[in-house]
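An overview of the molecular structure
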Amino acid sequence: MSADACLAFYGLRFEVRSEEIEGLEMRSDPRVLATRKVRLKHYWANFGAQGERYLLFVGAQLGVLGPEGEPSLYLQWLQDI
């Protein structure tokens with residue numbers, strides 16, 4: 001993620017090895033293919049504060065909250081009323 005954010009996800013979390021990144025980028029990773037087949041969501045990114053730590057989430061994406069996420073705009077709008 002490029003900015004501070006909170007990912008709310010219900011499902012499975014996988015540590016992604018460096019040799020798996022290309023498959024995720026090309027959407028050919030077996031986990032991504034299975035996820036799409038059963039109409040679940042997936043989300044992967046580098047979540048490492050120190051160094052690189054890629055994680056893959058599979059399941060139901062409940063939301064992404066943060067400075068660049070739309071829900072934060074609604075919160076700001078409600079505070080201005």
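Just so you know, these numbers come straight off a predicted model, no measurement behind them.

1. Re the sheet that holds strand E1 (residues 6-16)
- Taken in spatial order, the three strands line up as E1-E3-E2 in an open sheet, and their pairing is antiparallel. This sheet does not close on itself; its edge strands, each paired only once, are E1 and strand E2 (41-46). Strand-to-strand, the axes of this sheet are offset by a mean angle of 35 degrees, without reference to chain direction.
- With six bridges joining them, E2 and strand E3 (residues 54-65) adopt antiparallel strand pairing. Residue pairing for E3: Asn46 is matched across the bridge by Tyr54.

2. Details of the pairing of E3
- Here 11 bridges tie E1 to E3, and the two strands are oriented antiparallel to one another. In the sheet register, Ala8 faces E3, and the bridge partner there is Gly63.

3. A short note on the confidence of the model for the chain
- Mean pLDDT for the chain: 81, with 73% of residues reaching 70 or above.
- Summarising per-element confidence for the chain, the mean pLDDT is lowest in helix H3 (residues 70-79) (50) and highest in helix H1 (residues 21-25) (96).

4. Digging into the packing of aromatic side chains
- Evaluation of the coordinates by the stated rule reveals two aromatic pairs.
- Here Phe9 and Phe57 contribute two aromatic rings whose centre-to-centre distance is 5.8 Å and whose plane-to-plane angle is 40 degrees, an arrangement assigned as tilted. Placement of Phe9 in strand E1 and of Phe57 in strand E3 is noted, with a sequence separation of 48 residues between them. Exposure class is identical for Phe9 and Phe57. Each is buried.

5. Here's the deal with the environment of Tyr10
- As for its position among the elements, Tyr10 is in strand E1.
- Among residues more than four places away in sequence, those in contact with Tyr10 are Val58, Gly59, Ala60 and Leu62.

Basis of the calculations
Residues numbered from 1 in each chain as written. Predicted model: local features only at pLDDT ≥ 70, side-chain atom pairs only at ≥ 80, totals over all residues. Heavy atoms only, no water. Pairing = 2+ DSSP bridges. Helix = DSSP H or I, 4+ residues; strand = E, 2+ residues; numbered from the N terminus. Axes fitted to C-alpha atoms, helices over the stretch in contact; angles between N-to-C directions. pLDDT = per-residue confidence, 0-100. Phe/Tyr/Trp six-rings, centres within 6.5 Å; stacked < 30°, edge-to-face > 60°. Buried < 20%, exposed > 50% of the residue type's maximum accessible area, 1.4 Å probe, protein only. Contact = heavy atoms within 4.5 Å.

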